[in-house]
Amino acid sequence: MLRLGIVGLPNVGKSTLFNALTSSKAAAAENYPFCTVEPNVGVVEVPDPRLEKLNEVVKPKRKIPAVVEFVDIAGLVKGASQGEGLGNQFLSHIREVDAVVHVIRCFEDPDVVHVMGPVDPVRDHDVITSELALADLAVVERRLDKTRKSARAGDKEAQQELVLLERVVQELNAGRGAREAGENTDAIKFLRTLGLLTAKPILYAANVNEDDLATGGSGGKWIEKLRVAVQSHHEEAEIVSFSAKFEAELGELTGEERREYLASAGVSEPGLDRLIHAGYRLLGLQTFFTVGENEVRAWTMHRGDTAFAAAGEIHSDFQRGFIRAETVGYNEFVKAGSYKVAREQGLVRSEGRDYVVKDGDILLFRFNV
């Protein structure tokens with residue numbers, strides 16, 4: 001399950017966004033800093049019209065979507081890495097997520113005070129990035145002491161690690177992220193094993209006024225400045241614009257009223273959908289389906305992974321006793337209407353454990369334990 005941590009300065013719209021995403025009031029969205037004392041966790045369905053269509057075609061007893069877990073982490077402030085505000089206890093919560101969603105305020109509202117004064121998305125970006133970098137610096141420097149000793153003793157692996165860690169220190173001292181020091185996938189994976197906050201993938205959620213959703217408005221200008229700031233840190237992170245206030249109001253609606261409200265704002269899908277889809281792109285995730293009389297279900301896996309890996313997502317027994325995966329593409333299945341007809345039409349393929357699963361594949365695993 002994908003786990004996204006929502007971070008940002010106080011009063012930028014984090015908890016309002018969390019409440020809207022989870023359609024709950026679990027996170028206190030009061031107009032004062034540190035209203036979130038423990039990390040709030042909400043599990044949200046992954047929107048996928050293909051699952052709805054499969055449910056319509058197959059008519060099973062139940063439909064089970066893939067889910068994303070959002071963790072709303074209390075607002076950080078300048079000095080958090082040294083214990084300011086609510087300090088390190090909240091930095092520790094970020095270490096447990098797959099990726100970070102950094103919410104940045106891109107709207108003016110005299111009724112909602114900003115903890116640092118005037119609205120300035122670039123400053124906010126730099127403050128949070130610097131605090132995470134400072135927290136990571138302490139971790140890396142402790143690791144460096146041990147690595148240097150091993151490297152001096154002739155340990156070849158430690159010598160390679162030392163080069164990487166020294167490069168990380170340079171990036172962190174410059175207020176940038178450890179991920180910028182990872183020259184390849186293996187290096188980045190290693191940095192993440194250290195629990196480095198700035199080694200985690202990141203995407204930005206720009207909180208704009210409702211009127212700016214379709215037109216950009218002043219929010220669009222701030223987003224462009226934010227994009228320049230992000231690129232100056234050598235990051236190629238996606239920026240998703242949303243309005244926390246709009247999402248909160250949208251969460252109260254269903255059916256045609258919901259569709260009309262989206263249309264009135266000039267947007268085709270909620271911020272929830274765009275954030276989740278961005279998270280999937282960020283982490284290289286995709287969806288496969290299992291279909292039967294009892295249930296149709298969506299599963300999440302990494303792009304490029306095999307049928308053997310997909311079997312393990314369902315159950316270890318499927319993987320241990322793997323024989324084959326009977327596979328059919330989503331569009332072919334929908335046209336056929338069932339596995340039976342798809343087989344009769346020669347659309348179902350028998351794939352081995354090394355088959356690379358495609359997004360939208362429908363899989364039926366044969367196994368023997």
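Whatever comes next refers back to the structure up there.
What counts, and where the lines are drawn
Numbers given for residues are sequential positions, taken from 1 along each chain in its written order. Reporting in this predicted model follows two pLDDT cut-offs: at least 70 for local features of residues, and 80 or more for side-chain atom pairs to be given and counted; totals over whole chains, interfaces and linings ignore these cut-offs and use all residues. Side-chain metrics in this entry use all non-hydrogen atoms of the structure; hydrogen atoms and water are not considered. A helix here means a DSSP run of H or I that spans at least four residues, while a strand means a run of E at least two residues long, and both kinds are numbered starting from the N terminus. Expected span of a helix, by definition, is 1.5 Å for each gap between consecutive residues, and there is one gap fewer than residues. Classification of residues uses two cut-offs on accessible area relative to the type maximum, computed with a 1.4 Å probe and protein chains only: under 20% is buried, over 50% is exposed, and between them is partly exposed. Residues count as neighbours in contact if any of their non-hydrogen atoms are within 4.5 Å of one another. As used in this structure description, the phrase polar contact means that two N or O atoms lie within 3.5 Å; if the pair is within protein, one of them must be able to donate a hydrogen and the other to accept it, and residues adjacent in sequence are counted only when both atoms belong to side chains. We call two strands paired when DSSP finds no fewer than two bridges between them. Note on geometry: axes are C-alpha line fits, over the in-contact stretch for helices, and angles between N-to-C directions span 0 to 180 degrees. In this scheme Phe, Tyr and Trp rings, the latter by its six-membered ring, pair at centre separations within 6.5 Å, and the angle between planes marks the pair as stacked below 30 degrees, edge-to-face above 60, and tilted otherwise. Placement of a positive charge over a ring is assigned whenever Lys NZ or Arg CZ falls within 6 Å of the ring centre and within 35 degrees of the normal to the ring plane. Definition used for salt bridges: Asp or Glu carboxyl oxygen within 4 Å of a side-chain nitrogen of Lys or Arg.

Draft legend 1. Up close: helix 5 (residues 156–173). Relative to the 26 Å expected for 18 residues at 1.5 Å per residue, helix 5 spans 26 Å between its end C-alpha atoms, a close match to the ideal helical length. Residues of helix 5 that are buried include every one of A158, E161, L162, L164, L165, V168, V169, E171 and L172, and no others. Looking at the buried positions of helix 5, the neighbouring elements they touch are helix 4 (121–152) and helix 6 (185–193). Among the residues of helix 5, the N-terminal cap falls to D155, whose side-chain oxygen and the backbone nitrogen of E157 are separated by 3.0 Å. Looking one or two residues past helix 5, G175 carries a phi angle of roughly 80°, positive in sign.

Draft legend 2. Inspection of the environment of R179 at higher detail. By the secondary structure assignment, R179 is in the loop between helix 5 and helix 6. When the C-alpha positions of R179 and L197 are compared, they lie 9.2 Å apart, and in sequence the two are 18 residues distant.

Draft legend 3. A look at unusual backbone geometry. Positive phi, normally seen in glycine, also occurs at K59, with a value near 55°. Along the chain, the position of K59 falls in the loop between helix 2 (49–58) and strand 3 (62–64). Overall, K59 belongs to the exposed group, its relative accessible area being 64%.

Draft legend 4. Fine view of the sheet that holds strand 4 (residues 67–72). Taken in spatial order, the 6 strands make up an open sheet running 2-4-1-5-6-7, and their pairing is mixed. Edge positions in the sheet fall to strand 2 (40–45) and strand 7 (239–242), since each of these pairs with one other strand and no more. When strand polarity is set aside, the average angle formed by the axes of neighbouring strands in this sheet is 25°. Taken together, the 6 bridges between strand 5 (residues 99–105) and strand 6 (residues 202–207) define a ladder with parallel strand orientation. The partner of R105 across the bridge, within strand 6, is N207. Here helix 1 (residues 14–22) sits on the sheet in contact with strand 1 (2–7), strand 2, strand 4, strand 5 and strand 7, set at roughly 40° to strand 2.

Draft legend 5. Fine view of the pairing of strand 2. Side-chain alternation along strand 2 places N40, G42 and V44 on a buried face and V41, V43 and E45 on a face that remains uncovered. Relative to strand 4, strand 2 is paired through 6 bridges, and the arrangement is antiparallel. Opposite E45, over in strand 4, you have V67 as the bridge partner.

Draft legend 6. Main features of the packing of aromatic side chains. One pass over the full model with this rule turns up 8 aromatic pairs. Ring-pair connections join several aromatic residues into one group, and the members of that group are F308, F318, F322, F365 and F367. The ring of F107 carries the charged tip of R105 above its face, separated from the ring centre by 4.3 Å. Against the face of F308 rests R353, its NZ or CZ located 3.9 Å from the ring centre.

Draft legend 7. Representation of the environment of D120 within the structure. Mapping D120 onto the fold places it in the loop between strand 5 and helix 4. For D120, a relative accessible area of 31% puts it in the partly exposed group. Through-space distance from the C-alpha of D120 to that of R105 is 7.7 Å; in sequence the pair is 15 residues apart. A polar contact is formed between the side chain of D120 and the backbone nitrogen of R123, at a distance of 3.2 Å.

Draft legend 8. Molecular detail of the pattern of salt bridges. One pass over the structure, following the stated rule, counts 19 salt bridges. In this structure, D359 engages R50 in a salt bridge whose closest nitrogen and oxygen atoms are separated by 3.1 Å. Of this pair, D359 sits in the loop between strand 11 (349–351) and strand 12 (362–367) while R50 sits in helix 2; the two residues are 309 residues apart in sequence, bridging distant segments of the chain. K53 serves as the salt-bridge partner of E56, at 3.3 Å between the closest nitrogen and oxygen. In this pair, E56 and K53 both sit in helix 2, 3 residues apart, roughly one turn of the helix. On the basis of relative accessibility, which here comes to 48%, the residue E56 falls in the partly exposed class. For K53, a relative accessible area of 30% puts it in the partly exposed group. Connected through shared salt-bridge partners, R324, E326, R343 and R366 make up one network.

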